[in-house]
Structures are given as C-alpha cells and as structure tokens.
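Observations on the model geometry
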Amino acid sequence: MGKVKSLIDREEEFAGQDGSVSYKPPKSIFIALLAATTFILIVVGFLFWYIPAVGLNNIHPSLPLIFGIIVLTLILFISTAAFAVTIAVTNGKDIFRSYRLRGILIKFFLPLMVMLGGILKIPRIKIEQSFIDVNNQLVRAMGRVLRPENVLILMPHCIQYVNCKIKVTQDIRNCAACGMCEIKDLLGIMTEFGIDIYVLTGGTIARRKVYEKRPDVIVAVACERDLTSGIQDAYPIPVMGIVNKRPQGYCIGTGVDVSMVRDAIRGVIGRA
Ligand code: SF4
C-alpha cells in the first residue's frame, strides 16, 4: 500500500493547476470588463433613446425629451456606480459608500460581464477570481468592525483529509488534530478568535446555517464557482471569499491557506 501523503507533502506538491488559483488574481480583468460593459450600456442606452425618439415625436413633440431624460438618468446612474466601484477597488477607500453598490455589481453587472467575457473568450474562472477579489475589497472597504460572534465561517467538507473517519461536519471540535488536514489549524483559529467554524457538506446546508445564525458577515472557503454563487445568494450579507487549494482537483483533498482565513477574520473584527 502506498504511503499516505502528509499535509506537508501535499503543500510542497501544490503548484496550482489549470483552472486553479493564481493569486493575486488580476483585478484589471474585472475593471476592464466593467468599463467595457458600461460603455456598451451607454451606446445601447443612446440607441434605445434615439431610434424610438423619431416615432415618439410623431405622437407628441415633448415625448423624445422626457424619454431622453429617463434614459440619461439611467446611464448616469450606471456610469456613477461603475466609477464608484472602480475608485473603491483601485484606492481601497470607500469614498462613495460603494459597498451599497455591491448589489448592483452582483446582480446587474456581473451577469453582463460574464456574458461579455464569454464573447471575448476570457475564461470564466478568471472573471470569477477577479470578481471575488473585488468583492473582498469592497467588503473590507466597508470598514465595519464586528464582534466575533457575528462572523460566520464556512468551510467545504472536501477540506477534510479524505481517509479521516472523524465526523467534523457535526462539530469541528471532534477533530483529533492529527495534522493531516487544515482542520487542525482551523481549530486553533476558533480558539484564538472565539469564532465558530462550520464544515459543511453542501450549499443547502450552508444556506440553512446562514439562516440560523443570521451573521453580519460570512467568511467562506470554496472554489471560484461556488464562491461566486454564494456571494450572489448571500447578498445583502457581505461575504469574504477565499479560493481553496486544489492539488488533486475539484472536491477532493482540497485545502486552504490558513493565513488567508486569519487575515480575513482580522479584517472584519478589526484585530491586528
Ligand atoms: S486534522 Fe482532524 S479532521 Fe484532519 S485528518 Fe486529522 S483528525 Fe481528521
């Protein structure tokens, strides 16, 4: 029987894979797509006004003006939102209260940007990595200092060493701290910060946990796709997303950079 690889062996082997993590993810992808999407929306908005304006003039001479004001207001709103998000991301300062615009970013811009990225043949995973990074920056820029008990930490079950027989999904404290997976380190984080950490088997359980706990902020570890949909589902609750490590591929023997979990917690509870 082959020797079981320790966590240290796996850490040494981890070099990322295609479709895995490439930190620091390029924020520039997101900002470029945001700018391109906004530009397209402005052009579409203009055409949306211009083309029917000819017909509207025949109904009443003031209708093109009224319609134009409505379209212009929408365009200004969208452009301001995109500008505010870009400033918050590039400066790290929430000067426009842009966290309030997270909803527009998540619900409105992101689907359009994924669509545009598909047309431009930008890999979806890159857009998602970029989005998660931008989202985290906006959450940090909120500058809220929260009590540890109002923070919810969610981990995927695949983070547990695959041959471990201990049931940590009921209580992470069941972990015997053998060190074969990062759950041992997460136990240390629980004690250090006094925050509950949950290891969950799927999105439905995660949603139920969020409903039960009603946290002020969530720190979640998962792959890019699950984090992106989780951030969308959890809105308006802010989520700090941490992309997992996948030395063996998706959903098996995954890991997490524990220092990133620690930094994310420090960022939201304001402890250095
Ligand atoms: S660290 Fe805990 S959860 Fe991980 S393999 Fe060891 S006992 Fe199991």
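Below you will find a few notes about this structure. (Residues numbered from 1 in each chain as written. Predicted model: local features only at pLDDT ≥ 70, side-chain atom pairs only at ≥ 80, totals over all residues. Heavy atoms only, no water.)

Per the secondary structure count, the protein chain includes nine helices and four strands. The secondary structure elements of the protein chain, listed N-terminal to C-terminal, are α-α-α-α-α-β-α-β-α-β-α-β-α. Looking at the 272 residues of the protein chain, the share that counts as buried comes to 44%. Counting only contacts in the protein chain whose residues sit at least 6 apart along the sequence, the fraction spanning at least 24 positions is 70%. (Helix = DSSP H or I, 4+ residues; strand = E, 2+ residues; numbered from the N terminus. Buried < 20%, exposed > 50% of the residue type's maximum accessible area, 1.4 Å probe, protein only. Contact = heavy atoms within 4.5 Å.)

Looking now at the site of the ligand. Looking at the ligand, there are 13 residues lining it, with Cys164, Cys175, Ala176, Cys178 and Cys181 nearest. Class assignment of the residues belonging to the shell around the ligand gives a composition of ten nonpolar, two polar and one charged. (Near = heavy atom within 4 Å. Nonpolar A, V, L, I, M, F, W, Y, C, P; charged D, E, K, R; others polar.)

The next point concerns the nonpolar core. One finds Leu105, Phe109, Phe131, Leu154 and Ile218 to be the most contacted residues of the largest nonpolar core, which totals 36 residues. Broken down by element, the residue count for this core peaks at seven residues, all from helix α4 (residues 102-119). Non-local contacts of Ile218, meaning those with residues more than four positions away in its chain, are made with Leu152, Leu154, Val210, Ala234, Ile237, Pro238, Val239 and Met240. Counting residues in hydrophobic clusters, the runner-up holds 34 residues, among them Val151, Ile183, Ile242 and Val268. (Core = buried A, V, L, I, M, F, W, Y, C linked by side-chain atoms within 4.5 Å.)

Attention shifts here to the pairing of strand β3 (residues 217-222). Across the six residues that make up β3, a large majority, six, are buried. Alternating positions in β3 separate into two faces, Val217, Val219 and Val221 on one and Ile218, Ala220 and Ala222 on the other, with burial throughout. As judged from the four bridges shared by strand β1 (residues 151-156) and β3, these two strands associate in the parallel manner. Looking at β3, one finds that Leu152 is bridged to Ile218. The pairing of β3 with strand β4 (residues 239-243) spans five bridges and is parallel. Along β4, the bridge assignment pairs Ile218 with Val239. Handedness of the crossover joining β3 and β4 through helix α8 (residues 224-234) is recorded here as right-handed. (Pairing = 2+ DSSP bridges. Right-handed = clockwise from strand over helix to strand, strands pointing away.)

Going through the model one piece at a time under the given rule, you end up with ten salt bridges. The partner of Glu128 in a salt bridge is Arg124, and the shortest N-O contact between them spans 3.1 Å. With a gap of four residues between them, Glu128 and Arg124 both fall in helix α5 (residues 124-141), about one helical turn apart. With relative accessibility at 52%, the residue Arg124 sits in the exposed group. Salt-bridge contacts for Glu192 lead to Arg262; the nearest nitrogen and oxygen are separated by 3.1 Å. Placement of Glu192 in helix α6 (residues 183-193) and of Arg262 in helix α9 (residues 258-269) is noted, with a sequence separation of 70 residues between them. (Salt bridge = Lys/Arg side-chain N within 4 Å of Asp/Glu carboxyl O.)

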